[in-house]
Amino acid sequence: MQLIDLVKNAKEATYKLQSLNTDIKNNALLEIAKKIEENKDKIFEANKKDLEYAQKLLDENKISKSMFNRLKLDENKLIDVVSGIRDVVKLEDPINKVLLETELDDNLLLKKISCPIGLIAVIFEARPDVISQISSLCIKSSNAVILKGGSEGENTNKAIYNIIEETLNNIKEFPKNSVNLVFTREDIKELLSMDKYIDLIIPRGGNSLVQYIKSNTNIPVLGHADGICHLYIDESANQEKALKICLDSKAQYPSACNAVETILINKNIASEYLPKLYDLFKENEIKINADEEVKKILTQSDIGEVKEWHFEYGDKEVSLKIVSDIEEAYDHINKYGSHHTDSIISENKDNIEKFMTFVDSANVYCNASTRFSDGFRYGFGAEVGISTNKTHARGPVGLEGLTIYKYKIFGSYQIVDDYVTHKSSFKHKRIK
């Protein structure tokens with residue numbers, strides 16, 4: 001089948017998906033979760049082939065270590081995959097909800113109703129668990145989806161997709177082409193030109209992928225280019241607890257987009273806190289790069305230079321900087337960050353409030369690891385990605401972010417001319 005035909009068929013599926021009731025969608029998701037569990041050995045075998053291929057790419061410096069790490073699918077990740085699907089089942093159906101109800105006049109009712117976005121294309125790198133996450137969210141939100149994964153994960157992608165496709169094909173109510181998988185680089189270029197059919201594109205990958213997509217399509221793009229996340233260690237911080245947050249934010253999963261890349265330390269505690277942080281990071285094999293003020297305190301020879309502050313390591317490496325106060329901290333974050341996730345560690349309520357107010361990011365925390373920035377951890381069941389956009393959806397995008405709305409008027413043969421000529425007048429009585 002040519003790509004244009006697949007896209008047209010997927011677009012047709014969007015209209016039929018809107019009529020599916022919650023039970024049909026939930027039963028489909030439960031069956032998919034069950035089939036993934038039953039076929040996990042096939043999935044792991046496929047992933048093993050991808051890892052062997054990816055190791056060659058890594059050895060040739062064609063992919064990064066962080067990309068290789070994201071590609072690996074183990075028992076724990078598969079448990080998370082299945083749990084994520086079942087958690088989506090537990091969520092309220094986001095479609096056909098009445099968001100607003102207004103009585104415009106007698107027997108003239110306006111309703112704002114949630115509905116699917118339509119046809120979504122998701123282009124991602126080295127994350128085989130993305131297929132199940134996004135498919136489950138699209139199924140629950142009645143959207144059709146076209147998935148394009150990287151070649152480094154092709155075998156795993158196929159294995160998971162085949163399970164989803166076979167399951168949906170055995171459910172008579174589901175239209176064909178509700179979930180689709182394409183493979184080639186040429187497909188990406190062609191998809192980007194199909195603004196007549198595709199309603200939204202979600203990129204899941206590095207900066208170069210996101211920028212390429214944004215520059216080469218008229219289709220709305222939802223996502224983030226960088227994950228340059230910050231921690232600010234305030235002078236009032238509980239230092240022992242702050243160390244724990246720093247380690248978790250960097251080392252728990254260094255290649256994640258919500259891992260911390262820059263730690264800002266208040267000057268009044270720098271001489272006391274920095275040696276503790278150095279020892280902790282040294283013990284956990286985290287490389288430190290720092291500004292000159294930090295180096296005056298940490299004189300060790302293994303401290304590297306900060307080449308630029310707007311930089312995402314995606315590995316066990318971090319930048320350190322001393323700042324004079326809370327204002328310098330949030331100014332630095334707003335200038336050099338990616339508006340993704342930033343956190344303050346503090347016991348000062350005024351400083352916490354300032355940070356939470358003035359940091360211009362999709363996710364802003366106090367006394368918590370940046371790694372909490374995740375749809376599953378937010379209780380969304382899963383996520384299609386994290387958005388730094390300021391329109392439609394922001395932060396981890398789950399079910400609600402895959403819906404839009406339409407306005408419906410229920411009338412009794414009214415005409416506008418009666419209101420223009422003042423024969424009738426609006427009530428505009430809010431019902432909901």
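Residues numbered from 1 in each chain as written. Predicted model: local features only at pLDDT ≥ 70, side-chain atom pairs only at ≥ 80, totals over all residues. Heavy atoms only, no water.

Participant: Can you help me understand the overall build of the chain in this one?
Facilitator: Each helix and strand in the chain was counted, giving 15 helices and 17 strands. Here the C-alpha radius of gyration of the chain, 25 Å, is about what a compact globule of 432 residues would show, namely 22 Å. Each principal axis of the C-alpha atoms in the chain carries an extent, and together these give about 80 × 60 × 35 Å. The 432 residues of the chain split such that 55% are buried. Pairs at least 24 residues apart make up 73% of the contacts formed inside the chain by residues separated by at least 6 positions. About 20400 Å² of surface is accessible on the chain, with carbon and sulfur atoms providing 47% of the total. One way to put it: in the chain the 58 positive side-chain charges average out to a point 4 Å from where the 67 negative ones average out. (Helix = DSSP H or I, 4+ residues; strand = E, 2+ residues; numbered from the N terminus. Rg over C-alpha atoms; globule rule 2.2 N^0.38 Å. Buried < 20%, exposed > 50% of the residue type's maximum accessible area, 1.4 Å probe, protein only. Contact = heavy atoms within 4.5 Å. Areas by Shrake-Rupley, 256 points an atom, 1.4 Å probe, with all protein chains shown as cover. Lys, Arg positive; Asp, Glu negative; His and termini not counted. Charge placed at Lys NZ, Arg CZ, Asp CG, Glu CD.)

Participant: Where do I start with the packing of aromatic side chains in this structure?
Facilitator: For any pair of aromatic rings, the description consists of the separation of the ring centres together with the inter-plane angle of the planes. Applying the stated rule across the entire model yields five aromatic pairs. Taking 4.3 Å as the distance between ring centres and 10° as the angle between the ring planes, the aromatic pair formed by tyrosine 419 and phenylalanine 426 counts as stacked. Judged by relative accessible area, tyrosine 419 falls into the buried class, the value being 12%. The ring of tyrosine 405 carries lysine 112 above its face, with NZ or CZ at 4.1 Å from the centroid. The ring of phenylalanine 183 has lysine 158 sitting right over it, with the charged end atom 5.0 Å from the ring centre. (Phe/Tyr/Trp six-rings, centres within 6.5 Å; stacked < 30°, edge-to-face > 60°. Lys NZ or Arg CZ within 6 Å of the ring centre and 35° of its normal.)

Participant: In this structure, what is going on with helix H2 (residues 22-38)? I would like to understand it.
Facilitator: Given 3.6 residues per turn, any residue in an α-helix points the same way as the ones three and four places further on. End to end, H2 covers 24 Å across 17 residues, agreeing with the expected 24 Å (1.5 Å per residue, within 8%). In this structure, the buried side of H2 is in contact with helix H3 (40-59), helix H5 (75-90), helix H6 (129-140) and helix H7 (154-169). A distance of 3.1 Å separates the backbone nitrogen of aspartate 23 from a side-chain oxygen at the start of H2, and that oxygen is part of asparagine 21. (Expected span 1.5 Å × (residues − 1). Polar contact = N/O pair within 3.5 Å; in protein donor to acceptor, adjacent residues only side chain to side chain.)

Participant: Can you help me understand the sheet that holds strand E5 (residues 179-182) in this one?
Facilitator: Whenever strands of a sheet pair, they do so through backbone hydrogen bonds, lying parallel or antiparallel. Pairing is parallel in the open sheet, where four strands are placed in the order E5-E4-E3-E6. At either margin of the open sheet sits one strand with a lone partner, and together these are E5 and strand E6 (200-204). Shown here is a sheet whose adjacent strand axes are inclined to one another by a mean of 20°, direction ignored. Here strand E3 (residues 119-124) runs beside E6; their pairing, made up of five bridges, is parallel. Bridge pairing in E6 links isoleucine 120 to leucine 200. Taken strand by strand, helix H1 (residues 3-17) contacts E3, strand E4 (144-148) and E5, and its axis lies near 145° from that of E4. Lying over the sheet, helix H8 (residues 185-192) contacts E3, E4, E5 and E6, oriented at roughly 140° with respect to E4. (Pairing = 2+ DSSP bridges. Axes fitted to C-alpha atoms, helices over the stretch in contact; angles between N-to-C directions.)

Participant: Would you mind showing me how to read the sheet that holds strand E2 (residues 108-116) here?
Facilitator: Taken in spatial order, the four strands make up an open sheet running E16-E2-E1-E17, and their pairing is antiparallel. Looking along the sheet, the strands with just one partner apiece sit at the ends: strand E16 (403-410) and strand E17 (429-430). Note: E2 against E16, eight bridges, orientation antiparallel. Following the sheet pairing, cysteine 115 is matched in E16 by isoleucine 404.

Participant: Hey, could you run me through the side chain of serine 114 in this one?
Facilitator: Along the polypeptide, serine 114 turns up in strand E2. Only 2.9 Å separates the side chain of serine 114 from the backbone nitrogen of lysine 97, close enough to count as a polar contact. When neighbours within four sequence positions are excluded, serine 114 is seen to be in contact with Pro94, Ile95, Asn96, Lys97, Leu99, Ile404 and Tyr405.

Participant: How should the pairing of E5 be read in this particular structure?
Facilitator: On a regular strand, one side chain projects to one face of the sheet and the next to the other, so that they alternate. Judged by which residues are buried, E5 turns out to be covered on both faces: Val179 and Leu181 on one side and Asn180 and Val182 on the other are all buried. Across four bridges, E4 lies against E5 in parallel orientation. By the bridge assignment, lysine 148 is partnered in E5 with valine 182. With respect to chirality, the unit in which E4 leads through H7 into the neighbouring parallel E5 is right-handed. (Right-handed = clockwise from strand over helix to strand, strands pointing away.)

Participant: Explanation requested: the layout of surface pockets in the structure shown.
Facilitator: Empty space among the atoms can be located by rolling a probe the size of a water molecule over them. Computed from the structure, the largest pocket encloses a volume of approximately 1200 Å³. Contributing to the lining of the largest pocket are 43 residues, with Arg70, Arg127, Tyr253, Ala256 and Cys257 lying nearest its centre. Residue assignment for the lining of the largest pocket shows that the elements contributing at least two residues are helix H4 (65-71), H5, H6, E6, helix H9 (207-215) and strand E14 (385-387). A total of five residues in the lining of the largest pocket trace back to one element, the largest contributor, which is H5. (1 Å grid on protein atoms, 1.4 Å probe; cavity = no way out; pocket = protein on both sides within 12 Å on 5 of 7 lines; lining within 4 Å. Points joined across faces, edges and corners; volume = space filled by probe spheres on them.)

Participant: Even after reading the chapter, I still don't get empty space enclosed by the protein, so can you show me in this structure?
Facilitator: Taken as a whole, this structure holds one cavity of 30 Å³ or more when the rule is applied. The volume enclosed by the largest cavity comes to roughly 50 Å³. As for the largest cavity, its lining consists of Gly149, Gly150, Ser151, Glu154, Asn157, Leu181, Val182 and Phe183. At the level of secondary structure, the elements contributing two or more residues to the lining of the largest cavity comprise H7 and E5. For the lining of the largest cavity, a count of residues per class yields three nonpolar, four polar and one charged. (Nonpolar A, V, L, I, M, F, W, Y, C, P; charged D, E, K, R; others polar.)

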